Each structure stands twice: as C-alpha cells, then as structure tokens.
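Now for the letters of each chain:
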Amino acid sequence: MRKIVVVVCLLSLTFAACGRNDRPVVDATPEPTTINVEAAESTGGTYKFGVDATAVVDNLASVVVKNTGAEPHQAALLKVADGKTIDDLKAFLGSQGAPAGPPPFTVGGGTMVVDPGGSTTVTQALPAGTYAFMCFVPGPDGAPHFVKGMFAPITITGNSTTSLPLPDGENSTATEFKYELPSLKAGTTVLRVKNSGQQDHEYQLGRVADGKTADDALNWLKTHQGAPPLSLIGGSLVGRGGGTNSFKLNLKKGTYVVSCGLPDSADGKSHLEKGMFQSVTIT
Ligand SMILES: [Cu+2]
C-alpha cells in the first residue's frame, strides 16, 4: 500500500498533497484532535454538556463549543492537580468561604462565553491528566451552571508537553492588567493568545451592538444591568505561567472588546475593575 501512495505522490509532483504519514518524521506537525462540546439547558432546570470525547492524539486539541441553549455558556477547562481527583475539585468548588490549602487544580484552558446559537473553537495543548469542562456563567438564580450539571470530566493520556506548535496567526498577550492586541482587519484571523502574567486570565471576546459603544459594553460587563449592548462570541481562558492557545475569528466591520472578569488574587477585585478591558474597531 505504501508503495502505491509514494507513486501517487511522485505523479502529483507535490508532496504537500499527500497525507502527513508520508512526510519525513522530523517535519511532522501534529494535527489537533477535535473535541466537540454541545452546551445547553435541559428540562427540569439542569444544564448539560454533550462531550464527544475521543482519544486526543499528540496532546493537541481543538475544543469546539456549540451553544444550542437559551442562555450564554462556556466550556472552561480546569486541570486537576497531580495527586488530586475530580472529587477533590468538586469538594473545593462546593466549599463555602475560603477553602483550606492550595486549589486542587490549575487553569487548563478551554473557551470563554458564547451566546445562544453561537460557536467558538479554541486550539491548545492538552497535557496528559484529568480535566473538567465547566461553565461558570450564573443561571437566573445566580448559581453557576456547573453546579446544575454543566461539569464534564475528561481524561487525557499521552505526554505532558505544553509547548506544541499552534496554528499560524497573530499574537496577542494577556497580563496584569491589560491586553496587547495586534492590528486586526475584517475577515478571518487566527489569534494566538499567551498569558505572560502571574495570574490566570480570561480572553472574553464580545462584539458591540450597532449604535452602542465600547463604554456601554464596559459598563454592562461591570454591572450586568439591563439588556447587553454586546454579543459574547467566545474566546479562551489562559492559565498563568505561559498558558497559550489560539482561536479563529471571523471579524466584521464594527467594534469588538476583550475583557477579563476573574478576581485579583490579592484583593479579590475583578481584573475588569483594574483595567483589563480593551476595544478594537475593525474598519
Ligand atoms: Cu485577568
């Protein structure tokens, strides 16, 4: 069989057209494995992820989140710390007040919030370990969706590298307490986001509604009062210590914003309050 493949490659006079198995091993770039996550409410006030979790080859994954529900959802990824379990993670998240000891998890990436009917994809390294997809969006009663069932463990085998090659694209960074954005144009763009700070950060993207401004979006993100003047279009969660991931955007003319709502590790104030918000106008 291999002989036939090689002959076809030679005949086509372009090795690029052949599958990756035919390339020399030194040039092998892993193709991300797709993990589809469907997020929706179901009957009886429960919230569910449908995770199509096949084995992740080469520890590089594209997490594709489709929101088929009626509320905004995300699929953040928390990675259970070495020596800890999913039950330790649940116990920590369910404890009241300040839990004792260090958190039994690190931020493993995943997506930020996408509005109903929307979809967002994050491509990232997934080092071997136990993870949980979680949605932190509050429901009508204020409790986060993960408490109501939007919590899906996933085990990744393989190696533990975090330095896998991501798709080519424009680089952007998140740090305390600001973003650096490349110049962006209308059309399809791949953003590669790196956390160069000391704390975990969100890279929540929103598109400001026509007739509204970036200030309107900032005020709403701080207060959540009234109808949202922006649509939430996804983005990624990037862990401290160099967390990196990438996602594809289809930008149209208009104003977009990126923001982080995580609490500061020192004083508990939201990173948004500390200035972690930036707008960009696409012309
Ligand atoms: Cu932040």
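As the structure is a prediction and not an experimental result, all values here were calculated from the model.

1. Quick look at the overall build of the chain
Here's step 1: If you tally the helices and strands in the chain, you get three helices and 16 strands.
Here's step 2: For the chain, the residues scored as buried account for 42% of the 283 residues in total.
Here's step 3: Counting only contacts in the chain whose residues sit at least 6 apart along the sequence, the fraction spanning at least 24 positions is 71%.
Here's step 4: Looking at the chain as shown, the accessible area adds up to about 14600 Å², and 54% of this sits on carbon and sulfur atoms.

2. Quick word on the packing of aromatic side chains
Here's step 1: Under the criterion given, the structure shown has five aromatic pairs.
Here's step 2: Taking 5.3 Å as the distance between ring centres and 65° as the angle between the ring planes, the aromatic pair formed by Phe 136 and Phe 146 counts as edge-to-face. Separated by 10 residues along the polypeptide, Phe 136 in the loop between β7 (129-134) and β8 (151-156) and Phe 146 in the loop between β7 and β8 bring together distant segments of the chain.
Here's step 3: For Phe 136, a relative accessible area of 34% gives the class partly exposed.
Here's step 4: Aromatic pair Tyr 179 and Tyr 203: ring centres 5.3 Å apart, planes at 85°, arrangement edge-to-face. Taken as a pair, Tyr 179 in strand β10 (residues 178-180) and Tyr 203 in strand β12 (residues 201-208) lie far apart in primary sequence, 24 residues in all. An identical accessibility class is assigned to Tyr 179 and Tyr 203; each is buried.
Here's step 5: Of the aromatic side chains, those joined through ring pairs into one cluster are Tyr 179, Tyr 203 and Phe 247.

3. A closer look at the layout of surface pockets
Here's step 1: Taken as a whole, the second largest pocket spans an internal volume of roughly 300 Å³.
Here's step 2: In this structure, the second largest pocket is lined by 19 residues; those nearest its centre are Ser 119, Ile 233, Lys 248, Leu 249 and Asn 250.
Here's step 3: Where the lining of the second largest pocket is concerned, the elements lending two or more residues are β6 (119-125), β12, β13 (230-238) and β14 (244-251).
Here's step 4: Looking at the lining of the second largest pocket, its residues break down into eight nonpolar, seven polar and four charged.
Here's step 5: Of the residues that make up the lining of the second largest pocket, three or more belong to each of domain 1 (30-165) and domain 2 (167-283).

4. Details of empty space enclosed by the protein
Here's step 1: Applying the stated rule across the entire model yields one cavity of 30 Å³ or more.
Here's step 2: What lines the largest cavity is simply Leu 181, Leu 184, Leu 191, Tyr 203, Leu 205, Leu 249, Leu 251, Tyr 256, Val 257, Val 258 and Val 280.
Here's step 3: Of all the elements in the fold, those that place two or more residues in the lining of the largest cavity are β12, β14 and β15 (254-259).
Here's step 4: The element that contributes the greatest number of residues to the lining of the largest cavity is β15, accounting for three residues.

5. Focus on helix α2 (residues 86-94)
Here's step 1: Those residues of α2 that sit buried are Ile 86, Leu 89 and Phe 92. Down the axis, α2 shows its buried residues gathered within 125° of arc, on one side only. In α2, the exposed residues that point more than 90 degrees away from the buried face are Asp 87 and Ala 91.
Here's step 2: Buried residues along α2 sit against β4 (76-80), β5 (105-110), β7 and β8.

6. Things to note about the coordination of the copper ion
Here's step 1: Taken together, the protein donors to the copper ion comprise His 201 (ND1), Cys 260 (SG) and His 271 (ND1), at separations of 1.9 to 2.1 Å.
Here's step 2: Sequence spacing of the donor residues for the copper ion, all on one chain, is H-x58-C-x10-H. In this pair, Cys 260 is assigned in the loop between β15 and β16 (277-282) and His 271 in the loop between β15 and β16, connecting sequence segments 11 residues apart. Take Cys 260 and His 271: they sit in the same class, and that class is buried.

7. Some thoughts on the sheet that holds β14
Here's step 1: Read across the open sheet, the eight strands follow the order β2-β1-β3-β6-β14-β11-β9-β10; overall the sheet is mixed. This sheet does not close on itself; its edge strands, each paired only once, are β2 (46-52) and β10. Each strand of the sheet is rotated relative to its neighbour by a mean of 25°, with strand direction disregarded.
Here's step 2: The sheet contact formed by β6 and β14 spans two bridges and is antiparallel. Looking at β14, one finds that Thr 123 is bridged to Ser 246.

8. Some words on the pairing of strand β3 (residues 60-67)
Here's step 1: Along β3, seven of the eight residues are buried, which leaves the element largely enclosed by surrounding structure.
Here's step 2: Pairing between strand β1 (residues 33-42) and β3: seven bridges, direction parallel. From the neighbouring strand, Thr 33 faces β3, where its bridge partner is Ala 61.

9. Considering the nonpolar core
Here's step 1: Formed by 47 residues in total, the largest nonpolar core has its most connected members in Ile 35, Val 37, Phe 49, Leu 126 and Phe 133.
Here's step 2: With five residues, helix α3 (residues 214-223) is the largest single contributor of residues to this core.
Here's step 3: Looking at which domains feed residues into this core, each of domain 1 (30-165) and domain 2 (167-283) supplies at least three.
Here's step 4: With residues near it in sequence (within four places) discarded, Phe 133 still touches Ile 35, Val 37, Phe 49, Val 51, Val 63, Ala 75, Ala 76, Leu 77, Met 150, Phe 151, Ala 152 and Ile 154.

Procedures and definitions
- Residues numbered from 1 in each chain as written.
- Predicted model: local features only at pLDDT ≥ 70, side-chain atom pairs only at ≥ 80, totals over all residues.
- Heavy atoms only, no water.
- Helix = DSSP H or I, 4+ residues; strand = E, 2+ residues; numbered from the N terminus.
- Buried < 20%, exposed > 50% of the residue type's maximum accessible area, 1.4 Å probe, protein only.
- Contact = heavy atoms within 4.5 Å.
- Areas by Shrake-Rupley, 256 points an atom, 1.4 Å probe, with all protein chains shown as cover.
- Phe/Tyr/Trp six-rings, centres within 6.5 Å; stacked < 30°, edge-to-face > 60°.
- 1 Å grid on protein atoms, 1.4 Å probe; cavity = no way out; pocket = protein on both sides within 12 Å on 5 of 7 lines; lining within 4 Å.
- Points joined across faces, edges and corners; volume = space filled by probe spheres on them.
- Nonpolar A, V, L, I, M, F, W, Y, C, P; charged D, E, K, R; others polar.
- Domains from an automatic or database assignment.
- Arc of directions from axis to C-beta.
- Donors = N, O, S within 2.8 Å, 3.2 Å for Na, K, Ca; no water.
- Pairing = 2+ DSSP bridges.
- Axes fitted to C-alpha atoms, helices over the stretch in contact; angles between N-to-C directions.
- Core = buried A, V, L, I, M, F, W, Y, C linked by side-chain atoms within 4.5 Å.

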